[in-house]
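# Close look at the chain arrangement
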Amino acid sequence: MEKTSCLHFCFISCLVLFIIVGSWYRSSISSLPGYSLQTQKPIDHSAKTPYHPLDPLTVKEINRVRTILSSYEPFSFTFPTIHTILLDEPDKVQVLKWRKGDPFPPRKAQVLALLNGQSHVLNVDLDSRRVTGHAINPSSGYPVLSMDDISAASKAPFSNAEFNKSIAARWVSSSELICLPPSAGWFGPNEEGKRVVKVLCFSNQGTPNFYMRPIEGLVMTVDLDTLEVLKFSDTGRDIPIPKSADTDYRYTAQKKEQKMEPLNPISIEQPKGRSFRVEDGHIVKWANWVFHLKADHRAGLVISRVMVRDSENGELRDVMYRGFASEFFVPYMDLDESWYFKSYMDAGEYGLGMSALPLVPLNDCPRHSYYMDGIFATPDGNPFVQPNMICLFERYAGDISWRHSDGLLTDFQIREARPKVTLVARMAASVGNYDYIFDWEFQTDGLINVGLSGMLMVKGSPYHQAPNQDAMSGPLISENLIGVVHDHFVTFHLDMDIDGANNSFVNVNLVKERSLPGESLGRAT
Ligand SMILES: [Cu+2]
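Residues numbered from 1 in each chain as written. Predicted model: local features only at pLDDT ≥ 70, side-chain atom pairs only at ≥ 80, totals over all residues. Heavy atoms only, no water.

Turning to the packing of aromatic side chains, a few remarks are in order. Applying the stated criterion across every chain yields a total of 18 aromatic pairs. When the ring of Phe291 is compared with that of Phe442, the centres are 4.3 Å apart and the planes differ by 10°; the resulting orientation is stacked. With Phe291 in strand β12 (residues 289–296) and Phe442 in strand β19 (residues 434–442), this pair connects stretches of sequence that are 151 residues apart. Residue Phe291 is classed as buried on the basis of its relative accessible area of 1%. Relative to Phe489, the ring of Phe329 lies with its centre 5.9 Å away and its plane at 25°, an arrangement referred to as stacked. Within this pair, whereas Phe329 is found in strand β14 (residues 316–331), its partner Phe489 is found in strand β24 (residues 489–496), the two being separated by 160 residues in sequence. Above the ring of Phe79, the side-chain terminus of Arg66 is found at 4.5 Å from the ring centroid. In this structure, Lys342 is placed above the aromatic ring of Trp339, and the distance from its NZ or CZ to the ring centre is 3.4 Å. (Phe/Tyr/Trp six-rings, centres within 6.5 Å; stacked < 30°, edge-to-face > 60°. Helix = DSSP H or I, 4+ residues; strand = E, 2+ residues; numbered from the N terminus. Buried < 20%, exposed > 50% of the residue type's maximum accessible area, 1.4 Å probe, protein only. Lys NZ or Arg CZ within 6 Å of the ring centre and 35° of its normal.)

Below you can see the structure in the form of structure tokens.
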């Protein structure tokens, strides 16, 4: 396991404002002595009301949207499948003008629904309780896959005769198979006008890490509305299923002794508790920062109305109106029939928020963290709460924020160092075998860092040893397994409002000027 797990972890770095790559290392400290699990009291969302125009829809509001849609005439016979019920955010101008205590701009919802193979985009006014806009198939795309879509697609191959024959020929039992739809998309003119996904299967025999045991070359193109297998492709009959030995990543399953000195439990002390506070459920105030934080179906988390307090006059200055990860594009570089389509768009196809499971106190987030829940809608339009989806905490890693020592030439005996403490807003999305950890980190000097990390997908191979590394789409990482070369492109929506909305992006590209011999006298080159 050590060998493969090391190779599977690929770290992604990209630059937004300034992006740092976080450590992947997850300790298991809660199982070590000296730690007690502190959990936040669960919040009762049933009676909550919004406090800010950008607050996400509450449980009550989602229920109201469902009631409005239930009596809406086009859905009076059949209620559609709901993909999203989200706040239709008020105009930026209205939000910027709004002050606490002012009446709210109208609360509106945007609904994405499917009925009889058609996409419906609806605008619902929560105050007047009316549907104010309704467009059918307004664009060429389709909504994010719902949990029902994913579940139905994963079962579809089992009713296909060719699939069952192929599985039997491999001596694989259907009870050990896990199938899933990793790629939605458009795969050719035969699928025009249909919602289709490619479904792949894995064996979970002997391991919960089934991604390491692909049934290579077996691909079903499934119509999501009829659940019919439109195309069956089996190009991997000669490729063995990689072995399950040493693939279980769970801490409790590790058999080999760790080849390192054990680490003692470690914790950051905050004897007076945390220094930040969360007001009205979503407004975060820490040091010189104030911002609005919320969970989001697609982006995972959204940071809005970011302001920093001027150190000289104490006034709050605008920094950013809104920031979030808008897409996560991951194309794999393999032209094989069973791989060419693997070009995931994890935010748009699956939803980073929908893929986020509750964070684990102490391991995902340190002691004294504050946890925020996500509130979304199920495919039948009812609200559901994803608990502990985001955490907020102060990070201290022993670094120095500022220092100076003096006294050699003067009488001032100065020994001053200030610790570097930052505030982190974190969410983690588990999209298939990927785990993306997003950290938005605020520094007292005005810098915002965004960090993330993830891991890759593996491909079954007939080779035990690499015969020709150049002929393969990635290195052989263990027997019959290739780590396919791929990219991660992360795009961010960043509406910067530095000292107001009227500012522009400036790209500064410093170029080193080289001087010729004899030319550099007096020039610091
Ligand atoms: Cu990767």
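We are not done yet, so read on.
With respect to the helices and strands, Glu162 occurs in helix α5 (residues 161–169). Separated by 71 residues in the primary sequence, Glu162 and Ser233 have C-alpha atoms spaced 9.4 Å apart.

All right, on to the sheet that holds strand β5 (residues 130–136) then. Spatially, β2-β3-β4-β5 is the arrangement adopted by the four strands of the open sheet, whose pairing is antiparallel. The open sheet has two edge strands with one neighbour each: β2 (81–87) and β5. Between one strand and the next, the sheet's axes are offset by a mean angle of 20°, whatever the strand orientation. Alignment of strand β3 (residues 108–115) against strand β4 (residues 118–125), held across eight bridges, turns out to be antiparallel. Across the sheet, residue Val111 finds its bridge partner in β4, namely Leu122. Packing of helix α2 (residues 59–70) onto the sheet brings it into contact with β2, β3, β4 and β5, and relative to β4 it is tilted by some 115°. (Pairing = 2+ DSSP bridges. Axes fitted to C-alpha atoms, helices over the stretch in contact; angles between N-to-C directions. Contact = heavy atoms within 4.5 Å.)

Right, let's get into the pattern of salt bridges. When the charged atoms of two side chains with opposite charge come close together, those side chains can pair. Under the defined criterion, the tally for this structure stands at 22 salt bridges. Linking Asp495 and Lys92 is a salt bridge whose minimum nitrogen-to-oxygen distance equals 3.1 Å. In this pair, Asp495 sits in strand β24 while Lys92 sits in helix α3 (residues 92–97), placing the two residues 403 residues apart along the sequence. A salt bridge links Asp225 to Arg195; the nearest nitrogen and oxygen atoms lie 3.1 Å apart. With Asp225 in the loop between β8 (214–223) and β9 (229–234) and Arg195 in the loop between β6 (177–185) and β7 (196–203), this pair connects stretches of sequence that are 30 residues apart. What makes Asp225 partly exposed here is its relative accessible area of 41%. Several salt bridges converge on common partners, so that one network encompasses Arg395, Arg426, Asp439 and Glu441. (Salt bridge = Lys/Arg side-chain N within 4 Å of Asp/Glu carboxyl O.)

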